[in-house]
Amino acid sequence: MDTLSQLKEELKNEYETTKAFFERFPEGKNDYAPHEKSMKLMPLASHIAEVFAWPKFILNTSELDFGKGDYQPAQVSTKAELQQKLEDDYNAGIASLEAATEDQLEPNWAIKNNGEIMMEWTKYGAIRHALNQATHHRAQLGVYYRLNDIALPPSYGPSADTEY
């Protein structure tokens, strides 16, 4: 099975959908959150953008250890910066998949906290998990948009805001 071509196609599709969402990102609402336990709007959106570079990180490492400070969230403050972050991270992710071999998807990769394994997959599974994260968090972004009367673009079919 040619899993790399499938991952590249899925990354591209998720990128295109995310790009449409980011085109509607509301300036001046960076700190909006629907609940005190919710991420703020810009940190949520920038996290979605950075997920697109995860294939590169996953293919070039064996783990991510939060306790060691291996992860620092992206810091962007404008819609233009967010859109550029998405472009840059998508390009990094797709380039890494284009350069990869099927064998590179087989080793294990883990998320840890101070050396303790929290989750572990093959590198293929970790990249699939990253794609699921993009989908999951983009759905959250859709809720934020809806609560702010921002029309939702289609994602896996038309949204209630799609006009024909």
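The structure contained in this document is the topic of the report that follows. (Residues numbered from 1 in each chain as written. Predicted model: local features only at pLDDT ≥ 70, side-chain atom pairs only at ≥ 80, totals over all residues. Heavy atoms only, no water.)

1. A word on the overall build of the chain
Secondary structure summary: the chain contains five helices and three strands in total. Taken against the 2.2 N^0.38 rule, which gives 15 Å for 164 residues, the C-alpha radius of gyration of the chain at 16 Å falls within 12% of a compact globule. Dimensions of the chain, computed from the C-alpha atoms along their principal axes, are close to 45 × 40 × 25 Å. Expressed as a percentage of its 164 residues, the buried residues of the chain come to 42%. Counting every atom, the chain has about 8,900 Å² of accessible surface; 49% of that belongs to carbon and sulfur. (Helix = DSSP H or I, 4+ residues; strand = E, 2+ residues; numbered from the N terminus. Rg over C-alpha atoms; globule rule 2.2 N^0.38 Å. Buried < 20%, exposed > 50% of the residue type's maximum accessible area, 1.4 Å probe, protein only. Areas by Shrake-Rupley, 256 points an atom, 1.4 Å probe, with all protein chains shown as cover.)

2. Looking at the nonpolar core
Phe 22, Phe 52, Leu 82, Leu 141 and Tyr 145 are the most contacted members of the largest nonpolar core, which totals 39 residues. Elements with a contribution of two residues or more to this core: α1 (3–23), α2 (41–51), α3 (54–60), α4 (79–99), β2 (108–113) and α5 (123–147). Once you skip the residues sitting within four places of it in the chain, Leu 141 turns out to touch Phe 21, Phe 22, Leu 41, Leu 44, Ala 45 and Ile 48. (Core = buried A, V, L, I, M, F, W, Y, C linked by side-chain atoms within 4.5 Å. Contact = heavy atoms within 4.5 Å.)

3. Focus on the packing of aromatic side chains
Under the definition given, this model contains six aromatic pairs. Look at Tyr 32 and Tyr 144: their rings are 5.8 Å apart centre to centre, the planes differ by 85°, and that puts the pair in the edge-to-face class. Remark: Tyr 144 occurs in helix α5 and Tyr 32 occurs in the loop between α1 and α2; sequence separation between them is 112 residues. Accessibility expressed as a relative area gives 22% for Tyr 32, which makes it partly exposed. Residue Tyr 144 is classed as buried on the basis of its relative accessible area, which comes to 3%. (Phe/Tyr/Trp six-rings, centres within 6.5 Å; stacked < 30°, edge-to-face > 60°.)

4. Here's the deal with a nonpolar patch on the surface
Side chains of Phe 66, Met 118 and Met 119 sit close together on the surface and give an oily, nonpolar patch of about 270 Å² of accessible area. Within the element layout of this structure, Met 118 appears in strand β3 (residues 116–122). (Patch = residues over 30% accessible without salt bridge, like charges linked within 9 Å, V, L, I, M, F, W, Y side chains within 5 Å. Salt bridge = Lys/Arg side-chain N within 4 Å of Asp/Glu carboxyl O.)

5. Considerations on the sheet that holds β3
Overall, mixed pairing links the three strands, which are arranged β1-β2-β3 in an open sheet. If you trace the sheet from one side to the other, it starts and ends with β1 (63–65) and β3, each paired once. Put simply, the sheet's adjacent strands are angled 10° from each other on average, direction ignored. Here β2 pairs with β3 via six bridges, running antiparallel. Counted as the bridge partner of Asn 113 is Glu 116 from β3. Across the sheet, α5 touches β2 and β3, and the angle it forms with β3 is around 100°. (Pairing = 2+ DSSP bridges. Axes fitted to C-alpha atoms, helices over the stretch in contact; angles between N-to-C directions.)

6. Let's talk about the pattern of salt bridges
Here the structure, examined in full by the defined rule, presents five salt bridges. Ionic pairing is found between Arg 128 and Glu 10, a salt bridge with its closest N-O pair at 2.8 Å. Of this pair, Arg 128 sits in helix α5 while Glu 10 sits in helix α1, and the two are 118 residues apart along the sequence. Across the pair Glu 14 and Arg 138 runs a salt bridge whose closest N-O atoms are separated by 2.7 Å. Residue Glu 14 is located in helix α1, and its partner Arg 138 is located in helix α5; the two are separated by 124 residues in the primary sequence. Of the two residues, Glu 14 and Arg 138, both sit in the buried class.

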